[in-house]
Amino acid sequence: QVQLVESGGGLVQAGGSLRLSCAASGRTFSSYSMGWFRQAPGKEREFVAAISRSGGSTYYGDSVKGRSTISRDNAKNTVYLLLNSLKPEDTAVYYCAADPSYIVSATTTPTEWGQGTQVTVSS
């Protein structure tokens, strides 16, 4: 089991960038693939990005593809999500998630979740 704590959210203007971080503690971080999901008010949870245990494979949701980069540092037990060219529709609570599978996907329900960090994009 791992414990996940997100940070880096905040208020940003449209067109700006944010880097979200998720620090993990507990069992071996590199045993988990990691993902980011988001949920806006009144909407279903949406897959954003995922990275495999080694970091060699990444996968993005259509809504952020080309505007985001997921990365991980297994030495620091941390996964990152860089969001560029932010749009008001990116406003949501962003959740970090961990799963022992090879890679989290849009159809995965990860076993571990963080508490979330709010991202608000103003127009």
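You'll find the structure just up there.
Conventions used here
- Residues numbered from 1 in each chain as written.
- Predicted model: local features only at pLDDT ≥ 70, side-chain atom pairs only at ≥ 80, totals over all residues.
- Heavy atoms only, no water.
- Disulfide = S-S within 2.5 Å.
- Helix = DSSP H or I, 4+ residues; strand = E, 2+ residues; numbered from the N terminus.
- Buried < 20%, exposed > 50% of the residue type's maximum accessible area, 1.4 Å probe, protein only.
- Pairing = 2+ DSSP bridges.
- Axes fitted to C-alpha atoms, helices over the stretch in contact; angles between N-to-C directions.

**A word on the state of the cysteines**
Evaluation of the coordinates by the stated rule reveals 1 disulfide. The side chain of C22 participates in a disulfide bridge whose partner is C96; the two sulfur atoms lie 2.1 Å from each other. Linking C22 and C96, the disulfide has an S-S dihedral of approximately -80° and is accordingly described as left-handed. On the criterion of sequence distance, the pair formed by C22 in strand β3 (residues 18-26) and C96 in strand β9 (residues 92-99) is long-range, its members being 74 residues apart. The exposure class assigned to C22 is buried, which follows from its relative accessible area of 0%.

**Describing the sheet that holds strand β7 (residues 68-73)**
Sheet architecture is open: 4 strands sit in the order β1-β3-β8-β7, paired in antiparallel fashion. The open sheet has two edge strands, β1 (2-7) and β7, and neither has a second partner. Between one strand axis and the next, the sheet turns by 15° as a mean value, whatever way the strands run. Two strands pair when backbone bridges link them, and β1 and β3 are joined in this way by 6 bridges, in the antiparallel orientation. Each bridged residue has a counterpart across the sheet, and for L4 the counterpart in β3 is A24.

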